[in-house]
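Each chain, written out:
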Amino acid sequence: MEILACRRPVLVSILKNRKLIKRCNTYSHTQQRSISNIMLRRMDRNPIFKINNPQLSRHFAMMRVLSSVLKLRYLVIGSAVGGGVSVSKKYQEWKDSLPDLSWLDDIFPNNNVANTIQTSLKSIMDTMQEIDFDSSKSNEKLGKLKVWLDSHIDQAFKAAEITESDDQSKIVEDISPIVTKAATPDSKDYKQKLEMSQQELIEIQLKYQKELEKLEKENKELRKILLLAKNHKMNMRKVKKSLIDMYSELLDELNDYDSNYQTQDHLPRVIVIGDQSSGKTSVLEMIAQARIFPRGAGEMMTRAPVKVTLSEGPYHVAQFKDSAREFDLTKESELAELRKEVEVRMKNTVSRGNSVSNEVISMTVRGPGLQRMVLVDLPGIISSVTQGMAPDTRECIRQMTTAHMSNPNAIILCVQDGSVDAERSNVTDLVSQIDPQGRRTILVLTKVDLAEKNMANADRVNKILSGSLFPMKALGYFAVITGKGSQNDSIDSIKEYEEKFFRNSKLFRDSIGISSQLTTRNLSMAVSDCFWKMVRETVEQQADSFKATRYNLETEWKNNFPRYLELDRDELFEKARGEVLNEVVNLSLVSVKDWEEKLNAELWNGISHYIIENVYLPAGYSVNQTNSTASFNTMVDIKLKQWAEEQLPRKSINIGWVVLKDMFKTMFEENQNQKLQASDEILETLKTAVIDEALTRHSWEDKALEMLRVIQLNTLEDRCIKDKHNWDQAAQFLTSTLEHNLKVTDDLLKEMAGPSNYEKWFYWQSSTAEQTKRNNIKYELENLLRSNPNHSNLLSKDEQITISNNLKQKNGTPYELDDIWQTWYLVYRRHYFKTALENAQNIKKQFYHYQETNGVQNEYYDIEMFWRITRMIKVTANVLRQQITNRELRRLHKELKEVLDEYSQNNEIKCKLLTGRRVTLVEELNKVKQIQEKLEDFIQALNKEK
């Protein structure tokens, strides 16, 4: 009660000093102790704490002791917690430093499995205790074996040191019966057990192989589904090529690459060789799982190398390198078409007079489960040339086979007919010469089913498979069956027959461990593994070789053609294409004046002879014959109309075509001369050939002919000259035409009659006897025309006789009438042209008189005719010019494009027109770059697959 009574003053004191107490909790132990002393002094001075009751003092002392004990509680608990955390941390560090022993769980069984094993062992021990084991007999047998081993072991070691592997095998054969006899109580029972064990082993192997084939078949279906799913997903994007397809394309590029380096012969491929009818093509078909080659009964069917690329795909199809068609190998009809196509391609590659060809036919076979590789089927080796073959067929085949096998990285698949004697083989000796160590040769023995029937010594086949019969060495030896005797047997039926034969065959029953050397399936897997191993080992070397080749070619280009871009034939052709088409554009820029001047000149040159000889002169001669000018216009109208309806339109179109051609060539040559420094001389031959070919093909539109005929007829009917300008043009045209024809006639007459007296005296020229004779005739005829200027063009018979008599009297020699007539033709022609020219000179200034009379006067008939001709030429030139600029240039442009397109697809023409080291060097360099890029892509994909 006393404690409770004094409770209130104590609490009041504690509350008053709470700040001091709170501050004390933040101090250190020493500070707190000093503060406690201070508080004690305060409490001593405080009257509240001065209690004289000793019992109360004891209570306070007990409370202080209890408070100290409670403080120790926190220290102990804190230390325990901290120590536990530290110990836990150290334990975790030690546990992490220990090695990972979780793999022991996979080795040691768990408790349930251990209990099961313990129970099984206990039951086995109980069984063993029940067996009555006679140790005395066993010890006796072991003693005999020990005595025999002690006596023969030294001899065996000495024989092993002296003899080769064949002798060692003989020793083993000698030892085996003794061991068997010593180790077994009854050798006969042992042989039976051994045969039974071998039979069981073969059955187990075949059963295992059958299960594997079943699993592979299921795997094929699954892979087919996956490939189809992938193809469905990749329809919208580019399909990535498989590794074998990349390698096949690389081989095709190398096969087309023609250079002195022959690097293409150093990349691996499987070369299938063998004697004719040995079954090598059938082996390839079994590997490809389809009958893809043409077949013949004993005749040579393979006439060219056939490169077959095997690849995996969802469908079993075949496709040629240069064709987009895919043959479905699951359909017999398409298989027959494929075989026919192969046969046709082989015949096309063989040139006339030869039986075989070196040209490679490339095809790809895809299908589920096919082993990826590249095989080359070669013509079979023959012993003699039969009727119908070229005399050098045997040597050509051997040279071709040797060339393909000489590739140091080629895998030689040597096919040997197992049904004939090995000594009759031609191919094994050839292979031994090329690959004597057998580092890249695989021997395939075919037709072993026939061998089992025909061979008296069954061990020969086993010796071939063990490599002890042939002197030829090889990586592996395989026995296969590729047919049952009929060409129509399917691949699946042959596989079943092959499996059944090897299961029941007596040839292979006694041989243990050769099951991996049987069937085409094992052969295909072994060849594929060998092929890819060779590829991985050699492809890097080929890439380095092409890098060196590229460096050499680039150095040659920099040294010889430093100022030119590296343009190949196709790029140069495209450059020439642009320049040729630009010439047509430049032709369209020719002015109207230039076109019409050229057309006017060419039209008159083309029709002038007809106008003078067939129209003007006959009409003019008729005037002198009839003494009537009206006959001139009548004859001119008739002849011009007939001419305009039949010949003039066609003649005008031909002239327009000639003008277009000449203008095009002239402009092309002028542009070339202007751009001589900037132009590329290597393109000139190509451009000229293209232009000539296009102009040769070009023809005028037929519908322009009828339109031109109508225009020309209408133009020639109008003979009225309406203005002075046209009159002057017609007069000038008439005068120039007459002057030209007069000069031509004078030249002909001068050539006939010889030089004049002036030329004889001053130029020392002389006349021949014929010219003197013609000169005398000319003199008499000129006197006749002087006496009668209006004489007609016809010379009567009497006049001819009179002139002949006069010449005979003067010169004393007779003159032929034909000579007089020929001379008269030129003399009168010159006389007429002189008279017409004088008349034309007189009427030049008579336009106004002509206008007053409205053209009624007939003395202007010749100028009217030439006005009609002039106007017709102008109108025709205008029509032709419009036709050229509006239609023909476009058609010519189109024909140039067609010629260029045809030439671009014809490599022979491009090689002929674009020649020189500059072109060949660029093409070779681009080919090397392309091959190098494909090699690098293939190496990258190959490394990813690893």
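Please read all numbers here as calculations on a predicted model, not as lab measurements.

### Quick notes on the overall build of the chain
Okay, so step 1: Of the regular secondary structure elements, the chain holds 34 helices and nine strands.
Okay, so step 2: Residues counted as buried form 39% of the 946 residues belonging to the chain.
Okay, so step 3: The long-range share in the chain, meaning contacts at least 24 apart out of those at least 6 apart in sequence, stands at 79%.

### Here's the deal with the nonpolar core
Okay, so step 1: The biggest cluster of nonpolar side chains holds 102 residues, and the ones touching the most others in it are Leu587, Tyr616 and Leu896.
Okay, so step 2: Broken down by element, this core gets its largest block of residues, 18 residues, from helix H32 (residues 861-905).
Okay, so step 3: Discounting chain neighbours no more than four positions away, the residues touching Leu587 are Trp595, Leu660, Met663, Phe664, Met667 and Leu889.
Okay, so step 4: Counting 65 residues, the second-largest nonpolar core is a separate cluster that includes Ala288, Leu310, Val539 and Leu942.

### Quick word on the environment of Gly916
Okay, so step 1: Within the fold, Gly916 resides in the loop between helix H33 (907-913) and helix H34 (917-945).
Okay, so step 2: Residue classification places Gly916 among the partly exposed residues on the basis of a relative accessible area of 37%.
Okay, so step 3: On a C-alpha basis, the gap between Gly916 and Ile682 in space is 8.2 Å, while along the polypeptide they are 234 residues apart.

### Description of the side chain of Gln771
Okay, so step 1: Take Gln771: it is sitting in helix H28 (residues 769-787).
Okay, so step 2: Reaching out from Gln771, the side chain makes a polar contact with the backbone nitrogen of Thr768 at a distance of 3.2 Å.
Okay, so step 3: Setting aside its immediate chain neighbours within four residues, Gln771 contacts Glu751, Met752, Ala753, Gly754, Pro755 and Ser766.

### Some details on the environment of Leu913
Okay, so step 1: Tracing the sequence through the fold places Leu913 in helix H33.
Okay, so step 2: Judged by its relative accessible area of 13%, Leu913 falls in the buried class.
Okay, so step 3: When the C-alpha positions of Leu913 and Leu683 are compared, they lie 8.1 Å apart, and in sequence the two are 230 residues distant.
Okay, so step 4: Ignoring sequence-local partners within four residues, the contact set of Leu913 consists of Ile682, Thr685, Leu686, Ala689 and Tyr903.

### What to know about the sheet that holds strand S6 (residues 373-377)
Okay, so step 1: Strands sit in the order S4-S3-S5-S2-S6-S1-S7-S8-S9 across an open sheet of nine strands; the sheet is mixed. For this open sheet the edge positions go to strand S4 (327-328) and strand S9 (476-479), each flanked by a neighbour on one side alone.

### Quick word on unusual backbone geometry
Okay, so step 1: Non-glycine residue Gln289 carries a positive phi angle of around 60°.
Okay, so step 2: Here Gln289 shows up in the loop between helix H12 (280-288) and strand S2 (306-312).
Okay, so step 3: Given the relative accessible area of 23%, Gln289 is considered partly exposed.
Okay, so step 4: Even without being glycine, Thr519 reaches a positive phi, approximately 75°.
Okay, so step 5: If you trace the backbone, Thr519 turns up in the loop between helix H18 (491-504) and helix H19 (520-560).

### Quick look at the pairing of strand S7 (residues 411-417)
Within a regular strand, side chains alternate between the sheet's two faces.
Okay, so step 1: Buried residues dominate S7, accounting for seven of its seven residues.
Okay, so step 2: Sheet topology note: the strand S1 (residues 270-274)/S7 ladder contains five bridges and is parallel. When the sheet's bridge partners are listed, Val272 is paired in S7 with Leu413.
Okay, so step 3: Of the pairings in the sheet, the one linking S7 to strand S8 (residues 441-446) comprises six bridges and is parallel in character. Of the residues in S8, the one forming a bridge with Val415 is Val444.

### Details of the pattern of salt bridges
Okay, so step 1: One pass over the structure, following the stated rule, counts 37 salt bridges.
Okay, so step 2: The shortest N-O distance in the salt bridge between Glu343 and Lys347 comes to 3.6 Å. With Glu343 and Lys347 both in helix H13 (residues 332-349) and four residues apart, this pair spans about one turn of that helix.
Okay, so step 3: One salt bridge connects Arg829 with Glu613, and the closest N-O pair in it is separated by 2.4 Å. Here Glu613 lies in helix H21 (residues 592-626) and Arg829 lies in helix H30 (residues 817-843), a separation of 216 residues in the sequence.
Okay, so step 4: Since its relative accessible area comes to 8%, Arg829 is described here as buried.
Okay, so step 5: Among the residues examined, Glu613 registers a relative accessible area of 24% and is labelled partly exposed.
Okay, so step 6: It is possible to trace a salt-bridge network through shared partners that takes in Asp746, Glu782, Arg786 and Arg830.

### Comments concerning helix H20 (residues 569-587)
Okay, so step 1: In this model H20 runs 27 Å from its N-terminal to its C-terminal C-alpha over 19 residues, within 8% of the 27 Å that 1.5 Å per residue would give.
Okay, so step 2: All of the buried residues in H20 are Arg569, Leu572, Phe573, Ala576, Arg577, Val580, Leu581, Glu583, Val584 and Leu587. For H20, the arc enclosing every buried residue in end-on projection is 165°, short of the 170-degree limit, so these residues lie on one face.

Each value, and the rule that gives it
- Residues numbered from 1 in each chain as written.
- Predicted model: local features only at pLDDT ≥ 70, side-chain atom pairs only at ≥ 80, totals over all residues.
- Heavy atoms only, no water.
- Helix = DSSP H or I, 4+ residues; strand = E, 2+ residues; numbered from the N terminus.
- Buried < 20%, exposed > 50% of the residue type's maximum accessible area, 1.4 Å probe, protein only.
- Contact = heavy atoms within 4.5 Å.
- Core = buried A, V, L, I, M, F, W, Y, C linked by side-chain atoms within 4.5 Å.
- Polar contact = N/O pair within 3.5 Å; in protein donor to acceptor, adjacent residues only side chain to side chain.
- Pairing = 2+ DSSP bridges.
- Salt bridge = Lys/Arg side-chain N within 4 Å of Asp/Glu carboxyl O.
- Expected span 1.5 Å × (residues − 1).
- Arc of directions from axis to C-beta.

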